[in-house]
Amino acid sequence: MVLARKSNKSSLQRIDLFANEIGDVAAKELIQSLAGYVNLEDLSLGNNLVGTRGCIAVGNLLSSATMNLKQLNLRNNKIDDKGIAILTRAFADNVTLKEIDLGFNRDITPSGWQLFFK
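Below, the structure is looked at part by part.

Cut-offs applied
- Residues numbered from 1 in each chain as written.
- Predicted model: local features only at pLDDT ≥ 70, side-chain atom pairs only at ≥ 80, totals over all residues.
- Heavy atoms only, no water.
- Helix = DSSP H or I, 4+ residues; strand = E, 2+ residues; numbered from the N terminus.
- Buried < 20%, exposed > 50% of the residue type's maximum accessible area, 1.4 Å probe, protein only.
- Contact = heavy atoms within 4.5 Å.
- Axes fitted to C-alpha atoms, helices over the stretch in contact; angles between N-to-C directions.
- Parallel < 35°, antiparallel > 145°, perpendicular 65-115°, else oblique.
- Nonpolar A, V, L, I, M, F, W, Y, C, P; charged D, E, K, R; others polar.
- Salt bridge = Lys/Arg side-chain N within 4 Å of Asp/Glu carboxyl O.

Turning to its location among the elements, isoleucine 79 is positioned in the loop between β3 (71-73) and α4 (81-93). Judged by its relative accessible area of 0%, isoleucine 79 is buried. Separated by 31 residues in sequence, isoleucine 79 and proline 110 place their C-alpha atoms 13 Å apart. Among all residues touching isoleucine 79, those that are not within four sequence positions of it are Val50, Cys55, Leu74, Ile84, Leu87, Leu102, Asn105, Asp107 and Ile108.

This is the structure in structure tokens:
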């Protein structure tokens, strides 16, 4: 978060916070603070206990017309069917995201995955 606040919003391209276990509330606050980082292309929040609040924030970030995120890592978090539904809606409207890693989110049921792949 310190890096994001000190960096020039036009130059920051990658944030990697993999395996810091920052939790859902901190993830939400971090993601909300990224609005305006128009050159951010890679966000790695895997293994951070991100849940529904974080998914809502990611959904809002991906819905931003100025966001150019290309890679998103949400591997091994606390994402469930509600979270995957939120993300699925955001992905439908996003044209820049090319890669997403949602592996090992064990709270997503088969019906949640069906919604995602529909």
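Moving on from the model shown.
Another aspect to go through is the packing of helix α3 (residues 52-63) against α4. For the pair α3 and α4, interaxial distance at closest approach is 9 Å and the crossing angle is 0°. By the angle between their axes, α3 is roughly parallel relative to α4. Side by side, α3 and α4 meet where Thr52, Cys55, Ile56, Val58, Gly59, Leu62 and Ser63 of the first sit next to Lys82, Gly83, Ile86, Leu87, Ala90 and Phe91 of the second. Classifying every residue of the contact of α3 with α4 gives 8 nonpolar, 4 polar and 1 charged.

To continue, consider the pattern of salt bridges. Pairing between side chains of opposite charge can happen when the charged atoms of each approach one another. Scanning the entire structure with this criterion turns up 4 salt bridges. Among the salt bridges present, the one from lysine 70 reaches glutamate 41, with a minimum N-O distance of 3.6 Å. A residue pair is termed long-range when its members are at least 10 positions apart, and lysine 70 in the loop between α3 and β3 and glutamate 41 in the loop between α2 (23-32) and β2 (42-44) qualify at 29 residues. Look at lysine 70 and you get partly exposed, because its relative accessible area is 37%. Take glutamate 41: its relative accessible area is 32%, and that puts it in the partly exposed class. Where aspartate 101 meets arginine 75, a salt bridge forms, and the shortest distance between an N and an O atom there is 3.0 Å. Of this pair, aspartate 101 sits in strand β4 (residues 99-101) while arginine 75 sits in the loop between β3 and α4, placing them 26 residues apart in sequence. Judged by relative accessible area, arginine 75 falls into the partly exposed class, the value being 29%. Residues joined by salt bridges that share partners form a network here, namely Arg14, Asp16 and Asp42.

Quick look at unusual backbone geometry now. A positive phi angle is found at asparagine 47, which is not glycine, with a value near 60°. Turning to its location among the elements, asparagine 47 is positioned in the loop between β2 and α3. For asparagine 47, a relative accessible area of 22% corresponds to the partly exposed category. With phi around 60°, phenylalanine 104 is a residue other than glycine that occupies positive phi space. Assignment of secondary structure puts phenylalanine 104 in the loop between β4 and α5 (110-117). The partly exposed category is assigned to phenylalanine 104, whose relative accessible area is 43%.

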